[in-house]
Amino acid sequence: MIPTEVENRVAKYFFHRYLPEEVMMKIEDRLLTTCIWDEEGDLDFDELVRWAIEIIDEQLEDKRFR
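Residues numbered from 1 in each chain as written. Predicted model: local features only at pLDDT ≥ 70, side-chain atom pairs only at ≥ 80, totals over all residues. Heavy atoms only, no water.

### With respect to the overall build of the chain
Inference 1: A tally of helices and strands in the chain yields three helices and zero strands.
Inference 2: Ordered by position in the sequence, the α and β elements of the chain form the string α-α-α.
Inference 3: Projecting the C-alpha coordinates of the chain onto the three principal axes gives extents of approximately 40 × 30 × 15 Å.
Inference 4: Counting the 66 residues in the chain, one finds 18% classified as buried.
Inference 5: With the model as given, the accessible surface of the chain reaches about 6000 Å², and the carbon-plus-sulfur share is 53%.
Inference 6: Of the side chains in the chain, 9 bear a positive and 18 a negative charge, and the two mean positions are spaced by 10 Å. (Helix = DSSP H or I, 4+ residues; strand = E, 2+ residues; numbered from the N terminus. Buried < 20%, exposed > 50% of the residue type's maximum accessible area, 1.4 Å probe, protein only. Areas by Shrake-Rupley, 256 points an atom, 1.4 Å probe, with all protein chains shown as cover. Lys, Arg positive; Asp, Glu negative; His and termini not counted. Charge placed at Lys NZ, Arg CZ, Asp CG, Glu CD.)

Written as structure tokens, this is what we have:
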């Protein structure tokens, strides 16, 4: 089993290296509006991840990565 910390680091690398700028901007726009106004302890991290995944799926529908 891959440790969660390793998965998180790989995901972070992928996010910053391979996602197109416009996709990153859409995710940031959507998440920042919520994160700015709420305390970190009040945030629903699962919901934030779902929102980001929805944007990624919409934007990268048929694209493939090498």
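Now that the structure has been shown, the text picks up again.
### Remarks on the packing of aromatic side chains
Inference 1: Per the counting criterion, the structure on display carries two aromatic pairs.
Inference 2: Seen in terms of ring centroids, Tyr13 and Tyr18 are 6.2 Å apart; in terms of plane orientation they differ by 75 degrees. Their pairing is edge-to-face.
Inference 3: Summarising the aromatic geometry, the rings of Phe14 and Tyr18 are spaced 5.6 Å apart at their centres and angled 35 degrees between planes, so their arrangement reads as tilted. Of the two residues, Phe14 and Tyr18 are both situated in helix α1 (residues 4-18); the distance of four residues between them amounts to about one turn of the helix.
Inference 4: The positively charged end of Arg30 is found above the aromatic ring belonging to Trp51, 3.5 Å away from the centroid. (Phe/Tyr/Trp six-rings, centres within 6.5 Å; stacked < 30°, edge-to-face > 60°. Lys NZ or Arg CZ within 6 Å of the ring centre and 35° of its normal.)

### A closer look at the pattern of salt bridges
Inference 1: Summed over all chains, the structure comprises one salt bridge.
Inference 2: Residues Arg9 and Glu5 are paired through a salt bridge, measuring 2.9 Å at the closest nitrogen-oxygen approach. With Arg9 and Glu5 both in helix α1 and four residues apart, this pair spans about one turn of that helix.
Inference 3: On the basis of relative accessible area, Glu5 is assigned to the partly exposed category, the value being 45%. (Salt bridge = Lys/Arg side-chain N within 4 Å of Asp/Glu carboxyl O.)

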